[in-house]
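# Remarks on the overall topology
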Amino acid sequence: MIKPIFGILVLISSLNTAIACDFKDISFDANYDQGGLARCEQLSETEFILHIEPEDTPINPSPWYNFTISSKVATTVSIAISAGDARPRYLPKRSLDGSTFEAIPFTLKDGDMHIAVEVNQQPVMISAQQVIDNEDYVQWQQTLTEKTSLLQREIGKSTEGRSIYALVHSKPENKEWLLLIGRQHPPEISGAQAYLAFAQAMFIEHANESFLNRFNVLLVPNMNPDGVAHGHWRHNVKGTDLNRDWGKFTQAETQAVYGFINEIIQAEQRIVFALDFHSTQQDIFYTMPSDYGLAPALFSEEYLADLKPHLVSSFTLRERPGSSPGRGVLKQYLADEFKIHSITYEMGDNTPLEMVNHVATQAAKVLQNKMLATPPEAFIFKPE
Ligand SMILES: [Zn+2]
């Protein structure tokens, strides 16, 4: 580490690999799973610009930051969080335990977010969103496998050799599979939270025996563990957007899932529906159009219509049908390859956690009923 020199740029790191910066009394640290901080610039004893950088460019800008601050003496530190030309997406949050986060006030100047943080020796975490890191998934998976019929299986390794885990519910006599994909894009935490709540509802709080007796379920909650570890904005470590790689399968992460899909096909079983969890500015369900020639034609449309009355009236259910052939998006790949519907399930970046959980719980409950109400032959596409 380079020694800080007062008043000028002090630390530079390539990518947004987590770093630590130590000044006289004040230290910043992002040297842990999902940390995001590229370099620190000191302006005065208690004023800093913290620079965050994407893993590569060009990239869809979702500036991720996550670091802790501590100070040998109690003081207030003024920080500008700067992502260069990228506009801020995630509003700053503060945590003392790394699990409970509260929004903190900020002002926007020249595209940088300015915050003031009271600090002492106990590290304060400042983060773009709440944290769901690789270890959180491991613990969550353990809880689910202990409490449910789900079995954990390593389906492959990421580019950097991290395990890509699936949780699998299957019965030998079942032929139909539901596929649940999560965390292709590392900073999309509200989508990740929706994933956890959805799966828990489906297998614990609202587990439906008839559903589990008919359908198998493949869960891949964390598709991009390298990106999560490095605090990436969107890509894997090869600079690829995984949700542009379906059907191409050039990446270790998508290949891992494809390996399992291939097993399903080899066993003469079939995927009948899928959900892929993400975050964006608003709550949006991206569907395939009802006239796209998928089986059953109206499945997503009817599912969301069934879901709507189960949701609190303050939630706006936005359904956006569309197609994008050849772009490598999971929903498009499943439509073109298997003639089935799936939904890109997007939660708003700022949708409150309670709402994310409420919607996911109801979505899991209603999906089980909708799938059960659909006869097996209706899921099989028949050309005219
Ligand atoms: Zn996404």
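Computed from a predicted model, the values in this text were never measured in an experiment.

## Overview of the overall build of the protein chain
Helix and strand counts for the protein chain stand at eight helices and 19 strands. For 384 residues, the compact-globule estimate of 2.2 N^0.38 gives 21 Å, and the protein chain sits close to it at 22 Å. Each principal axis of the C-alpha atoms in the protein chain carries an extent, and together these give about 70 × 45 × 40 Å. Counting every position in the protein chain, which comprises 384 residues, the buried fraction comes to 56%.

## Notes on the environment of Thr-361
On the secondary structure map, Thr-361 appears in helix α8 (residues 353-372). Here Thr-361 falls in the buried class, since its relative accessible area comes to 18%. The spacing of Thr-361 and Val-138 is 223 residues in sequence and 21 Å in space, taken between C-alpha atoms.

## As for the domain arrangement of the protein chain
In terms of domain boundaries, the protein chain breaks down into domain 1 (20-127) and domain 2 (134-379). One C-alpha centre belongs to domain 1, the other to domain 2; they are set 32 Å apart. With 21 residues of domain 1 at the contact, the number on the domain 2 side is 20 residues. Where domain 1 abuts domain 2, roughly 1,600 Å² becomes buried across the two surfaces, and 51% of that area is made up of carbon and sulfur atoms. A per-residue breakdown of the area domain 1 buries against domain 2 is headed by Glu-55, Trp-64 and Arg-89, which together make up 34% of the total. Between the two partners, domain 1 and domain 2, sit one salt bridge.

## Observations regarding the coordination of the zinc ion
Within the protein, His-185 (ND1), Glu-188 (OE), Glu-188 (OE) and His-278 (ND1) serve as the donor atoms for the zinc ion, at 2.0 to 2.5 Å. Its four donor atoms give the zinc ion angles of 55 to 149 degrees at the centre, a pattern that matches the irregular case. On the basis of relative accessible area, Glu-188 is assigned to the buried category, the value being 5%.

## A look at the packing of aromatic side chains
Under the definition given, this model contains 21 aromatic pairs. Judged by centre distance (6.3 Å) and plane angle (90 degrees), the rings of Phe-215 and Phe-379 are edge-to-face. Highlighted residues: Phe-215 in strand β15 (residues 215-220) and Phe-379 in the segment after α8, separated in sequence by 164 residues. As far as the burial class goes, Phe-215 and Phe-379 line up, both buried. Ring geometry for Tyr-333 against Phe-338: centres 5.9 Å apart, planes inclined by 80 degrees, an arrangement best described as edge-to-face. Judged by relative accessible area, which is 9%, Tyr-333 ranks as buried. Lys-339 extends its terminal NZ or CZ atom over the ring of Phe-381, reaching a point 5.8 Å from the ring centre.

## A few points about the packing of helix α2 (residues 189-205) against α8
The N-to-C vectors of α2 and α8 enclose an angle of 45 degrees; their axes lie 8 Å apart at closest approach. In this view, α2 runs oblique relative to α8, as classed from their interaxial angle. Here α2 runs over α8; the crossing is right-handed. The residues of α8 that touch α2, namely those facing Ser-190, Gln-193, Ala-194, Ala-197, Phe-198, Ala-201 and Met-202, are Leu-353, Val-356, Asn-357, Ala-360, Thr-361, Ala-363, Ala-364, Leu-367 and Gln-368. When its residues are assigned to classes, the contact of α2 with α8 shows eleven nonpolar, five polar and no charged.

## Re the pattern of salt bridges
On inspection of all chains with the given rule, the structure shows 13 salt bridges. In this structure, Glu-53 engages Arg-39 in a salt bridge whose closest nitrogen and oxygen atoms are separated by 3.4 Å. Of the two residues, Glu-53 is situated in the loop between β4 (47-51) and β5 (66-71) and Arg-39 in strand β3 (residues 39-44); the sequence distance between them amounts to 14 residues. Of the charged contacts in the structure, one is a salt bridge between Asp-226 and Arg-162, with a shortest N-O distance of 2.8 Å. Of this pair, Asp-226 sits in helix α4 (residues 225-229) while Arg-162 is found in the loop between β12 (151-157) and β13 (163-169), placing the two residues 64 residues apart along the sequence.

## Considering the state of the cysteines
For the structure on display, the rule yields one disulfide. In this model, Cys-21 is linked to Cys-40 through a disulfide, with the two sulfur atoms separated by 1.8 Å. The sign of the 70 degrees torsion about the S-S bond sets the Cys-21-Cys-40 disulfide as right-handed. Note that Cys-21 is positioned in strand β1 (residues 20-22) and Cys-40 in strand β3, a separation of 19 residues in sequence. Relative accessible area serves as the criterion here: at 0%, Cys-21 is assigned to the buried category. The class of Cys-40 is buried, set by a relative accessible area of 0%.

## Notes on the sheet that holds strand β17 (residues 284-287)
Strand order in this open sheet of eight strands is β12-β13-β15-β14-β16-β19-β17-β18, and the pairing throughout is mixed. If you trace the sheet from one side to the other, it starts and ends with β12 and β18 (319-321), each paired once. Direction aside, the axes of adjacent strands within the sheet are offset by 20 degrees on average. On the sheet, helix α6 (residues 299-307) packs against β16 (270-280), β17, β18 and β19 (342-348) and is oriented at approximately 40 degrees with respect to β19.

## As for the nonpolar core
Core analysis: the largest hydrophobic core is formed by 80 residues, its most contacted members being Phe-28, Phe-67 and Phe-198. Top element by residues in this core is α2. It accounts for eleven residues. Residue-level mapping places this core at the junction of two domains, with at least three residues from each of domain 1 (20-127) and domain 2 (134-379). Beyond its immediate chain neighbours, meaning those up to four positions away, Phe-198 contacts Leu-180, Leu-275, Phe-277, Tyr-303, Ala-360, Ala-363, Ala-364 and Leu-367. In terms of nonpolar packing, the next biggest core, distinct from the first, is built from 24 residues, Val-168, Ile-181, Val-220 and Ile-264 among them.

Reading guide: rules and limits
Residues numbered from 1 in each chain as written. Predicted model: local features only at pLDDT ≥ 70, side-chain atom pairs only at ≥ 80, totals over all residues. Heavy atoms only, no water. Helix = DSSP H or I, 4+ residues; strand = E, 2+ residues; numbered from the N terminus. Rg over C-alpha atoms; globule rule 2.2 N^0.38 Å. Buried < 20%, exposed > 50% of the residue type's maximum accessible area, 1.4 Å probe, protein only. Domains from an automatic or database assignment. Contact = heavy atoms within 4.5 Å. Buried area = accessible area lost by both parts, 1.4 Å probe. Salt bridge = Lys/Arg side-chain N within 4 Å of Asp/Glu carboxyl O. Donors = N, O, S within 2.8 Å, 3.2 Å for Na, K, Ca; no water. Tetrahedral: all angles 85-135°; square planar, octahedral: opposite > 155°, others 65-115°. Phe/Tyr/Trp six-rings, centres within 6.5 Å; stacked < 30°, edge-to-face > 60°. Lys NZ or Arg CZ within 6 Å of the ring centre and 35° of its normal. Axes fitted to C-alpha atoms, helices over the stretch in contact; angles between N-to-C directions. Parallel < 35°, antiparallel > 145°, perpendicular 65-115°, else oblique. Left-handed = near helix turned anticlockwise from the far one by under 90°. Nonpolar A, V, L, I, M, F, W, Y, C, P; charged D, E, K, R; others polar. Disulfide = S-S within 2.5 Å. Pairing = 2+ DSSP bridges. Core = buried A, V, L, I, M, F, W, Y, C linked by side-chain atoms within 4.5 Å.

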